[in-house]
Amino acid sequence: MNTIEALLGPEAEDLLTHRCTTIPKERLHLPGPDFVDRVVAQSDRSPAVMRSLQTLFDTGRLAGTGYLSILPVDQGVEHSAGASFAPNPIYFDPENIVRLAIEGGCNAVASTLGVLGAVARRYAHRIPFIVKLNHNELLTYPNIHDQTLFAQVEQAFEMGAVAVGATIYFGSEESRRQILEISEAFARAHELGMATVLWAYLRNPAFKHEGTDYHVAADLTGQANHLGVTIEADIVKQKQAENNGGYTALGFGKTHPKVYEALTSDHPIDLVRYQVACCYMGRAGLINSGGPSGQNDLHQAVRTAVINKRAGGMGLISGRKAFQKPMEEGVRLLHAIQDVYLSKDVTIA
(Lines give C-alpha, C1' and ligand atoms only; values in the text may rest on other atoms or scores of the structure.)
Protein backbone atom coordinates (compact mmCIF):
# COMPACT_ATOMS: atom_id res chain seq x y z
CA MET A 1 0.00 0.00 0.00
CA ASN A 2 2.89 2.36 0.77
CA THR A 3 4.13 1.97 -2.80
CA ILE A 4 0.69 2.83 -4.17
CA GLU A 5 0.50 5.90 -1.94
CA ALA A 6 3.98 6.99 -3.01
CA LEU A 7 3.13 6.63 -6.69
CA LEU A 8 -0.08 8.63 -6.25
CA GLY A 9 1.83 11.45 -4.59
CA PRO A 10 -0.20 14.46 -3.38
CA GLU A 11 -3.44 12.89 -4.65
CA ALA A 12 -3.07 9.79 -2.48
CA GLU A 13 -5.31 10.81 0.41
CA ASP A 14 -8.07 12.16 -1.82
CA LEU A 15 -8.14 9.15 -4.14
CA LEU A 16 -7.76 6.49 -1.43
CA THR A 17 -10.22 7.88 1.13
CA HIS A 18 -12.95 9.37 -1.07
CA ARG A 19 -16.45 8.14 -0.28
CA CYS A 20 -18.89 8.08 -3.17
CA THR A 21 -22.29 9.56 -2.20
CA THR A 22 -23.73 9.76 -5.72
CA ILE A 23 -24.53 6.16 -6.71
CA PRO A 24 -24.05 3.90 -3.65
CA LYS A 25 -21.75 0.92 -4.04
CA GLU A 26 -24.54 -1.32 -2.70
CA ARG A 27 -26.44 -0.80 -5.95
CA LEU A 28 -23.58 -2.08 -8.09
CA HIS A 29 -22.80 -5.59 -9.27
CA LEU A 30 -19.19 -5.50 -8.17
CA PRO A 31 -16.31 -7.60 -9.49
CA GLY A 32 -15.33 -10.59 -7.40
CA PRO A 33 -14.20 -14.23 -7.54
CA ASP A 34 -17.82 -15.34 -8.04
CA PHE A 35 -18.74 -12.78 -10.74
CA VAL A 36 -19.57 -15.38 -13.40
CA ASP A 37 -21.73 -17.41 -10.99
CA ARG A 38 -23.32 -14.38 -9.35
CA VAL A 39 -23.93 -12.10 -12.35
CA VAL A 40 -23.25 -13.71 -15.73
CA ALA A 41 -25.17 -16.88 -14.88
CA GLN A 42 -28.38 -14.80 -14.63
CA SER A 43 -28.05 -13.76 -18.28
CA ASP A 44 -28.68 -15.50 -21.59
CA ARG A 45 -24.99 -16.34 -21.98
CA SER A 46 -24.35 -20.00 -22.72
CA PRO A 47 -22.22 -22.28 -20.53
CA ALA A 48 -19.51 -22.04 -23.20
CA VAL A 49 -19.43 -18.22 -22.93
CA MET A 50 -19.34 -18.46 -19.13
CA ARG A 51 -16.40 -20.86 -19.42
CA SER A 52 -14.58 -18.40 -21.68
CA LEU A 53 -15.16 -15.54 -19.25
CA GLN A 54 -14.06 -17.70 -16.33
CA THR A 55 -10.87 -18.53 -18.24
CA LEU A 56 -10.14 -14.80 -18.46
CA PHE A 57 -10.76 -14.37 -14.73
CA ASP A 58 -8.63 -17.40 -13.82
CA THR A 59 -5.43 -16.37 -15.66
CA GLY A 60 -2.44 -14.27 -14.60
CA ARG A 61 -1.59 -12.50 -11.37
CA LEU A 62 -5.20 -11.40 -10.86
CA ALA A 63 -6.59 -14.94 -11.15
CA GLY A 64 -9.41 -15.51 -8.71
CA THR A 65 -10.03 -11.83 -7.95
CA GLY A 66 -12.67 -10.95 -10.56
CA TYR A 67 -10.44 -8.20 -11.95
CA LEU A 68 -8.75 -8.01 -15.34
CA SER A 69 -5.39 -6.75 -16.57
CA ILE A 70 -5.24 -6.97 -20.36
CA LEU A 71 -2.41 -6.11 -22.74
CA PRO A 72 -3.83 -4.62 -25.99
CA VAL A 73 -1.54 -4.22 -28.98
CA ASP A 74 -3.43 -3.34 -32.15
CA GLN A 75 -1.62 -0.04 -32.64
CA GLY A 76 0.42 -1.46 -35.52
CA VAL A 77 -2.73 -1.02 -37.59
CA GLU A 78 -4.42 1.78 -35.67
CA HIS A 79 -1.41 4.10 -35.43
CA SER A 80 1.04 2.50 -37.95
CA ALA A 81 3.71 -0.06 -37.13
CA GLY A 82 6.46 2.55 -37.24
CA ALA A 83 4.76 4.94 -34.85
CA SER A 84 4.00 2.10 -32.45
CA PHE A 85 7.09 -0.09 -32.51
CA ALA A 86 9.99 2.21 -33.42
CA PRO A 87 10.51 3.07 -29.72
CA ASN A 88 11.06 -0.66 -29.05
CA PRO A 89 11.51 -2.63 -32.31
CA ILE A 90 11.32 -6.08 -30.68
CA TYR A 91 7.53 -5.71 -30.82
CA PHE A 92 7.49 -5.86 -34.60
CA ASP A 93 7.66 -9.61 -33.80
CA PRO A 94 4.26 -10.80 -32.51
CA GLU A 95 5.87 -13.37 -30.21
CA ASN A 96 7.29 -10.61 -28.03
CA ILE A 97 3.84 -9.04 -27.64
CA VAL A 98 2.51 -12.32 -26.25
CA ARG A 99 5.64 -12.83 -24.12
CA LEU A 100 5.11 -9.40 -22.55
CA ALA A 101 1.53 -10.31 -21.64
CA ILE A 102 2.63 -13.61 -20.08
CA GLU A 103 5.63 -12.22 -18.20
CA GLY A 104 3.55 -9.21 -17.19
CA GLY A 105 1.01 -11.49 -15.49
CA CYS A 106 -1.92 -10.37 -17.66
CA ASN A 107 -5.28 -12.13 -17.83
CA ALA A 108 -5.24 -11.93 -21.64
CA VAL A 109 -3.58 -10.41 -24.70
CA ALA A 110 -5.69 -8.53 -27.25
CA SER A 111 -4.35 -7.96 -30.74
CA THR A 112 -4.98 -8.31 -34.45
CA LEU A 113 -5.83 -11.47 -36.36
CA GLY A 114 -2.35 -11.41 -37.89
CA VAL A 115 -0.43 -10.92 -34.64
CA LEU A 116 -2.23 -13.64 -32.70
CA GLY A 117 -2.56 -15.97 -35.68
CA ALA A 118 1.21 -15.85 -36.26
CA VAL A 119 1.90 -17.48 -32.88
CA ALA A 120 -1.39 -19.21 -32.06
CA ARG A 121 -0.08 -22.78 -32.07
CA ARG A 122 2.59 -21.90 -29.53
CA TYR A 123 0.64 -19.60 -27.22
CA ALA A 124 -3.17 -19.87 -27.55
CA HIS A 125 -3.26 -22.52 -24.81
CA ARG A 126 -0.92 -20.55 -22.52
CA ILE A 127 -2.73 -17.22 -22.27
CA PRO A 128 -6.25 -16.23 -23.37
CA PHE A 129 -6.38 -14.57 -26.80
CA ILE A 130 -8.77 -11.71 -27.59
CA VAL A 131 -8.86 -11.18 -31.36
CA LYS A 132 -9.62 -7.57 -32.33
CA LEU A 133 -11.95 -7.80 -35.33
CA ASN A 134 -11.90 -4.23 -36.68
CA HIS A 135 -9.43 -1.39 -36.93
CA ASN A 136 -8.97 2.19 -38.08
CA GLU A 137 -6.01 2.18 -40.48
CA LEU A 138 -4.21 5.44 -41.26
CA LEU A 139 -2.63 4.58 -44.63
CA THR A 140 -5.58 5.95 -46.60
CA TYR A 141 -4.77 9.46 -47.81
CA PRO A 142 -6.26 11.78 -46.81
CA ASN A 143 -6.75 10.00 -43.48
CA ILE A 144 -10.23 8.86 -42.62
CA HIS A 145 -11.45 7.73 -39.23
CA ASP A 146 -13.52 4.60 -39.61
CA GLN A 147 -13.44 1.11 -38.15
CA THR A 148 -13.19 -1.59 -40.81
CA LEU A 149 -13.54 -5.34 -40.28
CA PHE A 150 -10.19 -7.06 -40.77
CA ALA A 151 -11.19 -10.47 -39.41
CA GLN A 152 -14.08 -12.89 -39.10
CA VAL A 153 -15.37 -14.32 -35.85
CA GLU A 154 -14.80 -17.84 -37.13
CA GLN A 155 -11.08 -17.13 -37.62
CA ALA A 156 -10.80 -16.12 -33.97
CA PHE A 157 -12.61 -19.28 -32.92
CA GLU A 158 -10.41 -21.53 -35.07
CA MET A 159 -7.19 -20.17 -33.56
CA GLY A 160 -8.46 -20.91 -30.04
CA ALA A 161 -9.33 -17.38 -28.90
CA VAL A 162 -11.59 -17.11 -25.85
CA ALA A 163 -12.96 -13.70 -26.86
CA VAL A 164 -13.30 -11.20 -29.67
CA GLY A 165 -12.93 -7.45 -29.41
CA ALA A 166 -14.15 -4.59 -31.58
CA THR A 167 -14.38 -0.80 -31.63
CA ILE A 168 -17.41 1.34 -32.34
CA TYR A 169 -16.92 5.08 -32.87
CA PHE A 170 -20.13 6.29 -31.25
CA GLY A 171 -21.11 9.75 -32.43
CA SER A 172 -19.44 9.38 -35.82
CA GLU A 173 -21.18 9.37 -39.20
CA GLU A 174 -20.24 5.70 -39.57
CA SER A 175 -21.45 4.60 -36.13
CA ARG A 176 -24.76 3.04 -37.20
CA ARG A 177 -23.01 0.78 -39.71
CA GLN A 178 -20.45 -0.16 -37.09
CA ILE A 179 -23.19 -0.91 -34.53
CA LEU A 180 -24.85 -3.27 -37.00
CA GLU A 181 -21.57 -4.99 -37.94
CA ILE A 182 -20.41 -5.50 -34.38
CA SER A 183 -23.82 -6.51 -33.06
CA GLU A 184 -23.84 -9.32 -35.64
CA ALA A 185 -20.23 -10.26 -34.85
CA PHE A 186 -20.89 -10.39 -31.10
CA ALA A 187 -23.98 -12.55 -31.62
CA ARG A 188 -21.90 -14.99 -33.68
CA ALA A 189 -19.12 -14.99 -31.08
CA HIS A 190 -21.62 -15.88 -28.36
CA GLU A 191 -22.99 -18.68 -30.55
CA LEU A 192 -19.47 -20.11 -30.74
CA GLY A 193 -18.90 -19.75 -26.99
CA MET A 194 -16.58 -16.75 -26.99
CA ALA A 195 -16.82 -13.66 -24.81
CA THR A 196 -17.08 -10.14 -26.27
CA VAL A 197 -15.13 -6.97 -25.47
CA LEU A 198 -16.17 -3.58 -26.88
CA TRP A 199 -13.93 -0.54 -27.24
CA ALA A 200 -16.84 1.95 -26.81
CA TYR A 201 -15.11 5.09 -28.02
CA LEU A 202 -16.55 8.46 -28.99
CA ARG A 203 -15.43 10.07 -32.24
CA ASN A 204 -16.76 13.37 -33.53
CA PRO A 205 -14.88 16.66 -34.04
CA ALA A 206 -17.88 18.50 -32.56
CA PHE A 207 -17.23 16.78 -29.22
CA LYS A 208 -14.28 19.15 -28.80
CA HIS A 209 -16.12 22.35 -27.92
CA GLU A 210 -14.78 25.72 -26.73
CA GLY A 211 -11.49 24.27 -25.55
CA THR A 212 -12.94 21.24 -23.74
CA ASP A 213 -12.67 17.68 -25.02
CA TYR A 214 -15.99 15.99 -24.31
CA HIS A 215 -14.78 12.69 -25.76
CA VAL A 216 -13.98 11.95 -22.10
CA ALA A 217 -17.19 13.39 -20.60
CA ALA A 218 -18.94 11.11 -18.12
CA ASP A 219 -22.39 11.65 -19.60
CA LEU A 220 -21.38 10.95 -23.22
CA THR A 221 -19.01 8.06 -22.48
CA GLY A 222 -21.61 6.64 -20.12
CA GLN A 223 -24.15 6.53 -22.93
CA ALA A 224 -21.59 4.88 -25.22
CA ASN A 225 -21.15 2.24 -22.52
CA HIS A 226 -24.92 1.79 -22.31
CA LEU A 227 -25.17 1.24 -26.06
CA GLY A 228 -22.29 -1.21 -25.93
CA VAL A 229 -23.92 -3.34 -23.23
CA THR A 230 -27.13 -3.19 -25.26
CA ILE A 231 -25.46 -5.19 -28.06
CA GLU A 232 -24.32 -7.65 -25.35
CA ALA A 233 -20.71 -6.68 -24.86
CA ASP A 234 -19.57 -8.73 -21.87
CA ILE A 235 -16.80 -6.25 -21.09
CA VAL A 236 -16.67 -2.57 -22.06
CA LYS A 237 -13.41 -0.73 -22.57
CA GLN A 238 -13.77 3.01 -22.13
CA LYS A 239 -11.52 6.02 -21.71
CA GLN A 240 -11.64 7.15 -18.12
CA ALA A 241 -13.98 10.10 -17.65
CA GLU A 242 -12.21 13.41 -17.01
CA ASN A 243 -15.08 15.90 -17.22
CA ASN A 244 -18.84 16.04 -17.62
CA GLY A 245 -21.65 17.97 -19.28
CA GLY A 246 -21.11 16.98 -22.89
CA TYR A 247 -24.82 16.90 -23.62
CA THR A 248 -25.44 20.32 -22.10
CA ALA A 249 -22.38 22.01 -23.59
CA LEU A 250 -23.13 20.77 -27.09
CA GLY A 251 -26.88 21.21 -26.77
CA PHE A 252 -27.94 17.93 -28.33
CA GLY A 253 -29.52 14.63 -27.38
CA LYS A 254 -31.39 14.05 -24.14
CA THR A 255 -30.19 14.12 -20.56
CA HIS A 256 -31.55 15.00 -17.10
CA PRO A 257 -30.46 17.52 -14.42
CA LYS A 258 -30.07 14.73 -11.85
CA VAL A 259 -27.21 13.28 -13.94
CA TYR A 260 -25.16 16.31 -12.91
CA GLU A 261 -26.78 17.25 -9.59
CA ALA A 262 -27.14 13.84 -7.93
CA LEU A 263 -25.55 11.03 -9.90
CA THR A 264 -22.11 12.58 -10.47
CA SER A 265 -19.75 15.12 -8.97
CA ASP A 266 -16.46 16.63 -10.10
CA HIS A 267 -14.48 13.92 -8.32
CA PRO A 268 -12.77 11.49 -10.75
CA ILE A 269 -14.07 8.43 -8.89
CA ASP A 270 -17.65 9.71 -9.06
CA LEU A 271 -17.30 10.39 -12.80
CA VAL A 272 -16.16 6.81 -13.39
CA ARG A 273 -18.86 5.49 -11.03
CA TYR A 274 -21.37 6.92 -13.53
CA GLN A 275 -19.59 5.06 -16.35
CA VAL A 276 -19.97 1.84 -14.33
CA ALA A 277 -23.66 2.56 -13.67
CA CYS A 278 -24.25 2.89 -17.41
CA CYS A 279 -22.84 -0.63 -17.83
CA TYR A 280 -26.10 -1.94 -16.33
CA MET A 281 -24.82 -1.14 -12.82
CA GLY A 282 -21.75 -3.30 -13.42
CA ARG A 283 -23.43 -6.36 -14.96
CA ALA A 284 -20.95 -5.78 -17.79
CA GLY A 285 -17.46 -5.07 -16.51
CA LEU A 286 -15.93 -1.64 -17.14
CA ILE A 287 -12.22 -1.64 -17.96
CA ASN A 288 -10.57 1.71 -18.50
CA SER A 289 -7.79 2.35 -21.02
CA GLY A 290 -4.32 3.21 -19.87
CA GLY A 291 -3.75 5.96 -22.42
CA PRO A 292 -0.63 6.90 -24.40
CA SER A 293 2.92 6.53 -23.21
CA GLY A 294 4.57 9.70 -21.92
CA GLN A 295 6.14 11.10 -18.80
CA ASN A 296 5.27 9.60 -15.39
CA ASP A 297 3.70 6.49 -16.94
CA LEU A 298 3.90 4.55 -13.67
CA HIS A 299 2.09 7.29 -11.76
CA GLN A 300 -0.58 7.66 -14.42
CA ALA A 301 -1.18 3.91 -14.69
CA VAL A 302 -1.55 3.43 -10.93
CA ARG A 303 -3.78 6.50 -10.66
CA THR A 304 -6.06 5.19 -13.41
CA ALA A 305 -6.22 1.76 -11.73
CA VAL A 306 -7.08 3.21 -8.32
CA ILE A 307 -9.88 5.34 -9.78
CA ASN A 308 -11.26 2.41 -11.77
CA LYS A 309 -11.22 -0.02 -8.85
CA ARG A 310 -12.65 2.38 -6.30
CA ALA A 311 -15.41 3.39 -8.76
CA GLY A 312 -16.48 -0.24 -9.19
CA GLY A 313 -14.70 -1.01 -12.45
CA MET A 314 -13.29 -4.39 -13.44
CA GLY A 315 -9.74 -3.52 -14.44
CA LEU A 316 -7.36 -1.86 -16.81
CA ILE A 317 -6.25 -2.38 -20.38
CA SER A 318 -2.82 -0.83 -20.88
CA GLY A 319 -0.78 -1.09 -24.08
CA ARG A 320 1.52 1.73 -25.13
CA LYS A 321 2.64 2.45 -21.58
CA ALA A 322 3.90 -1.15 -21.41
CA PHE A 323 5.28 -2.00 -24.85
CA GLN A 324 6.91 1.30 -25.79
CA LYS A 325 9.68 0.72 -23.28
CA PRO A 326 12.11 -2.15 -22.50
CA MET A 327 10.27 -5.37 -21.64
CA GLU A 328 11.50 -5.38 -18.04
CA GLU A 329 10.05 -1.90 -17.49
CA GLY A 330 6.83 -2.89 -19.21
CA VAL A 331 6.50 -5.89 -16.91
CA ARG A 332 7.05 -3.69 -13.85
CA LEU A 333 4.37 -1.27 -15.01
CA LEU A 334 1.84 -4.07 -15.58
CA HIS A 335 2.64 -5.50 -12.15
CA ALA A 336 2.16 -2.08 -10.54
CA ILE A 337 -1.33 -1.88 -12.09
CA GLN A 338 -2.14 -5.40 -10.88
CA ASP A 339 -0.88 -4.58 -7.37
CA VAL A 340 -3.71 -2.05 -7.07
CA TYR A 341 -6.32 -4.72 -7.76
CA LEU A 342 -4.56 -7.20 -5.45
CA SER A 343 -4.42 -4.69 -2.59
CA LYS A 344 -7.06 -5.22 0.10
CA ASP A 345 -6.49 -1.65 1.22
CA VAL A 346 -7.78 -0.18 -2.05
CA THR A 347 -11.52 -0.63 -1.58
CA ILE A 348 -14.74 0.36 -3.35
CA ALA A 349 -15.58 3.99 -2.61
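None of these values were measured; they are calculated from a predicted model. (Residues numbered from 1 in each chain as written. Predicted model: local features only at pLDDT ≥ 70, side-chain atom pairs only at ≥ 80, totals over all residues. Heavy atoms only, no water.)

Here the focus is helix H14 (residues 268–277). Across the 10 residues of H14, 10 count as buried, placing the element largely inside the fold. Among all positions in H14, only Pro 268, Ile 269, Asp 270, Leu 271, Val 272, Arg 273, Tyr 274, Gln 275, Val 276 and Ala 277 are buried. Each element contacted by the buried residues of H14 is listed here: helix H2 (12–17), helix H11 (218–230), strand S10 (235–238), helix H13 (257–261), strand S11 (285–289) and helix H15 (297–311). (Buried < 20%, exposed > 50% of the residue type's maximum accessible area, 1.4 Å probe, protein only. Helix = DSSP H or I, 4+ residues; strand = E, 2+ residues; numbered from the N terminus. Contact = heavy atoms within 4.5 Å.)

Taken together, the eight strands give a closed barrel; going around it, the order is S1-S2-S3-S6-S7-S10-S11-S12, and neighbouring strands pair in parallel fashion. Neighbouring strand axes in the sheet, compared pairwise and without regard to direction, differ in orientation by 25 degrees on average. (Pairing = 2+ DSSP bridges. Axes fitted to C-alpha atoms, helices over the stretch in contact; angles between N-to-C directions.)

So, about the packing of aromatic side chains. Considering all chains together, one arrives at seven aromatic pairs under this definition. Considering the side-chain rings of Phe 85 and Phe 323, the 5.7 Å spacing of their centres and the 55 degrees angle between planes classify their relative orientation as tilted. Placement of the pair is Phe 85 in helix H5 (residues 75–85) and Phe 323 in helix H16 (residues 320–323), with a sequence separation of 238 residues. We note that Phe 85, like Phe 323, is buried. Taken together through their ring pairs, the aromatic side chains of Phe 85, Tyr 91, Phe 92 and Phe 323 make up a single cluster. Geometry around Trp 199 places Lys 132 over its ring, the cationic atom sitting 5.1 Å from the centre. For the cation-ring pair, Arg 203 lies above Tyr 169, with the distance from its terminal atom to the ring centre recorded as 4.3 Å. (Phe/Tyr/Trp six-rings, centres within 6.5 Å; stacked < 30°, edge-to-face > 60°. Lys NZ or Arg CZ within 6 Å of the ring centre and 35° of its normal.)

What H5 keeps buried is the set Gln 75, Glu 78, Ser 84 and Phe 85. The buried side chains of H5 occupy one side of the element, clustering within an arc of 90 degrees when seen end-on. Close packing links the buried residues of H5 with strand S1 (68–73), helix H6 (94–103), strand S3 (129–132), strand S4 (134–135), strand S6 (163–170) and H16. (Arc of directions from axis to C-beta.)

What follows is about the nonpolar core. Of all hydrophobic cores here, the largest spans 90 residues; its most connected members are Leu 71, Leu 100, Phe 129 and Val 306. Setting aside residues no more than four positions away along its own chain, Val 306 makes contact with Ile 4, Leu 8, Leu 15, Leu 16, Val 340 and Val 346. In this structure, Val 36, Val 40, Trp 199 and Ile 235 belong to the second largest nonpolar core, which totals 25 residues. (Core = buried A, V, L, I, M, F, W, Y, C linked by side-chain atoms within 4.5 Å.)

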